[in-house]
Amino acid sequence: MQERYFQPESLMMTHGYKPELSEGAVKCPIFQTSTFVFKTAEEGKAFFQVAYGKREKEPNEELGLIYSRLNNPDLQILEERLCLWDQAEECAVFESGMSAISTVMLEFLRPGDTLIYSKPVYGGTDHFINKVLPKYGIRGLGFTAGQSSSQILEEVSKRGLSDKVKMVYVETPANPTNALFDLSVCREVADQLSNPDKEVVVCVDNTYMGPLWQHPLKHGVDLIVYSATKYIGGHSDLIAGAVLGNSKHMKRVRTLRTFLGNMAGPWTGWLLMRSLETLKVRMTKQASNAVEVADYLKSHPKVEMVYYLGHLEPGDPQYDIFKKQQTCAGAMLSFDIKGGEKEAFLFLNNLKLMKLAVSLGSTESLAEHPATMTHSDVSEEDRKLLGISDNLVRLSIGVEHHSDIIWDIQQALEKV
Ligand SMILES: *Cc1c(COP(=O)(O)O)cnc(C)c1O
């Protein structure tokens, strides 16, 4: 019989787990342990040699567990499962999205280097790039959606930074406006600035699309980072992050994780495995709900503008990027309510079913005000440039019945 290729969602319950090693338990237990017993001293020596990079693993060598800062079954199995969605060679799970992002930046950037990044990025990432990295002599230079590779390269060379750039960091779709960045442009910029002595890596924060709707490695990027707090976790009950890429890059990321000690714990790993089992059904339902909500908002007289990828039209360059990079419009949308902050707040304060909270990608629908909440740290000038206005409201659509979400939006808009 031909070997069958199973879809990732078919493997989320079983992949990488051997029941015979855990008393036959159908579910992977929580390995709540700090350390692991070696059968012999020789075995301990052999495991350490590989873990500390003193020799390569033999082709058929089964490596055992050492210590939970290095590896733990709940993390290893989770990492193997996460690799399936993005078809990545390796994955490393972190205790937060921010620790995943900061570890990648600290590993691939050195004092004197420059990082070029898409604007807007997640508030925490923006803070790390503009407030923390400069203390280590690393500087960031932003670019916006729609800039071509030659425009970006010109900005870099005008500042005399062509030799300094070591990383292109991009978030697409951008939060909260859903602006799209072309990953092939990012790849081209990185290639133009690379030379035999200097590799420029491209890293994508794929949190907004989860592992389901956009697979950046297929578009030539080197590393993907996720806040697993969002779609991957999906239940607003944990904080975690992940990095994926090829073995060469991931070896470096994993080694720094070992020594920063910012890996996720076994309990978080276990919760994330639970979450991955329903990743596709959750996200699929969230996306179909978002279509209904976006269409409703579009025709509402108190709504000025809806930012939803499903409303892009042929002829718009953003539409071409959408078609090329994504398989779905996602479940995040934002809209300008007629008026200003006062009207936006009235709407938010009157929601009955949706919760007023930041974060996204979870089973429950959430609403927030980017200008004063998630993006309040962004300078006023940048907020204007990027369209993060006082009347902008961001919605993360959950798995409720879409007619209940729409009812809630309708009654809250009536109060405005
Ligand atoms: C939430 C988020 C992060 C940060 O992740 P944490 O898990 O909160 O540390 C990074 N990027 C994006 C796009 C996010 O939404």
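Please read all numbers here as calculations on a predicted model, not as lab measurements.

Examining the site of the ligand
Logical step 1: Surveying the vicinity of the ligand reveals 14 residues, the closest of which are M98, D205, S227, T229 and K230.
Logical step 2: The backbone of M98 places a nitrogen or oxygen atom 2.8 Å from an oxygen atom of the ligand.
Logical step 3: Here an oxygen atom of the ligand and a side-chain polar atom of K230 are 2.7 Å apart.
Logical step 4: In isolation the ligand has 390 Å² of accessible area, and contact with the protein removes 93% of it.
Logical step 5: Class assignment of the residues belonging to the shell around the ligand gives a composition of six nonpolar, five polar and three charged.

What to know about the packing of helix α3 (residues 73-86) against helix α10 (residues 266-277)
Logical step 1: Their axes nearest at 8 Å, the elements α3 and α10 cross at an angle of 35 degrees. The chirality of how α3 crosses α10 is left-handed. Counted together, D74, L75, I77, L78, R81, L82 and W85 of α3 and P266, G269, W270, L272, M273 and L276 of α10 form the full contact between these two elements.
Logical step 2: Of the residues contributing to the contact of α3 with α10, the split by class is 10 nonpolar, one polar and two charged.

Points about the packing of aromatic side chains
Logical step 1: Taken as a whole and assessed by the stated rule, the structure comprises eight aromatic pairs.
Logical step 2: With a centroid separation of 5.9 Å and an interplanar angle of 75 degrees, the aromatic rings of F38 and F47 are classed as edge-to-face.
Logical step 3: Judged by centre distance (5.6 Å) and plane angle (15 degrees), the ring pair of W267 and W270 falls under stacked. Pair noted here: W267 and W270 are both in helix α10, with a separation of three residues, about one helical turn.
Logical step 4: Residue W267 is classed as partly exposed on the basis of its relative accessible area of 47%.
Logical step 5: Each residue in the set F38, F47, F48, Y52 and F259 is aromatic and connected to the rest through ring pairs, giving one cluster.
Logical step 6: The cationic tip of R257 hangs over the ring face of F94; the distance from NZ or CZ to the ring centre is 5.9 Å.

What about unusual backbone geometry?
Logical step 1: Omega for the bond connecting T172 with P173 falls within 30 degrees of zero, at 0 degrees, which places this linkage in the cis form.
Logical step 2: Checked against the element boundaries, P173 lands in the loop between β4 (165-171) and α7 (183-193).
Logical step 3: Look at the link from N175 to P176: it is a cis peptide, with omega at 5 degrees.
Logical step 4: Turning to its location among the elements, P176 is positioned in the loop between β4 and α7.
Logical step 5: The phi torsion at Q87 lies on the positive side, around 50 degrees, for a residue other than glycine.
Logical step 6: Look at Q87 and you get exposed, because its relative accessible area is 53%.
Logical step 7: In this model, N178 sits at a positive phi of 65 degrees, which is unusual for a non-glycine residue.
Logical step 8: Here N178 shows up in the loop between β4 and α7.

Observations regarding the side chain of Q286
Logical step 1: The residue Q286 is located in helix α11 (residues 279-298) in this model.
Logical step 2: On the basis of relative accessible area, Q286 is assigned to the buried category, the value being 0%.
Logical step 3: Leave out the neighbours within four places in its chain, and Q286 touches Y231, A331, G361, S362, I397, G398 and V399.

Digging into the domain arrangement of the chain
Logical step 1: Split by domain assignment, the chain resolves into domain 1 (73-276) and domain 2 (279-414).
Logical step 2: Look at where the C-alpha atoms of domain 1 and domain 2 centre, and you get two points 24 Å apart.
Logical step 3: Every contact between the two is made by 38 residues of domain 1 and, on the other side, 42 residues of domain 2.
Logical step 4: Three residues stand out in domain 1 for area buried against domain 2, namely L180, W213 and Y231, and they jointly supply 24% of the buried area on that side.
Logical step 5: Note that K324 and D182 form a salt bridge whose closest N and O atoms lie 3.0 Å from each other.
Logical step 6: On the surface where domain 1 and domain 2 come into contact, there are 21 residue pairs in polar contact (both at pLDDT 80 or more).

About the cut-offs
Per chain, the residues get numbers from 1 upward, laid out in the order the sequence is written. Only residues with pLDDT of at least 70 are given local features in this predicted model, and only at 80 or more are side-chain atom pairs given and counted; all residues enter the totals for whole chains, interfaces and linings. The basis for every side-chain value is the complete set of non-hydrogen atoms in the structure, without hydrogens or water. Whether a residue is near a molecule or strand is decided by its heavy atoms; if any one of them lies within 4 Å of it, the residue is near. For this analysis, a polar contact is any N or O atom pair within 3.5 Å, provided that within protein one partner can donate a hydrogen and the other can accept it, and provided that sequence-adjacent residues contribute only side-chain to side-chain pairs. All accessible-area figures derive from a Shrake-Rupley calculation using a 1.4 Å probe, and residue coverage is judged against the displayed protein chains alone. Under the scheme applied, nonpolar residues are Ala, Val, Leu, Ile, Met, Phe, Trp, Tyr, Cys and Pro; charged residues are Asp, Glu, Lys and Arg; polar residues are all the others, including Gly. Axis geometry follows a simple rule: fit a line to the C-alpha atoms, using only the stretch in contact for helices, then measure angles between N-to-C directions, giving values from 0 to 180 degrees. In DSSP terms, a helix is any run of H or I states spanning at least four residues, a strand is any run of E spanning at least two, and both are numbered starting from the N terminus. Left-handed describes a crossing whose near helix is turned anticlockwise from the far helix through less than a right angle; right-handed describes the clockwise counterpart. We call two residues in contact when some of their heavy atoms are within 4.5 Å. Two aromatic rings, drawn from Phe, Tyr or Trp (for Trp, its six-membered ring), form a pair once their centres lie within 6.5 Å of each other, and the interplanar angle then sorts them: stacked below 30 degrees, edge-to-face above 60, tilted otherwise. Think of it in three bands: residues with accessible area under 20% of the maximum for their type are buried, residues over 50% are exposed, and the middle band is partly exposed, with areas taken using a 1.4 Å probe on protein chains only. Two thresholds decide whether a charge sits over a ring: the Lys NZ or Arg CZ must be within 6 Å of the ring centre and within 35 degrees of the ring normal. An automatic or database domain assignment provides the domain bounds reported here. The term buried area means the drop in 1.4 Å probe accessible area that two parts suffer when joined, counted for both and summed. One side-chain nitrogen of Lys or Arg within 4 Å of one carboxyl oxygen of Asp or Glu is enough to make a salt bridge.

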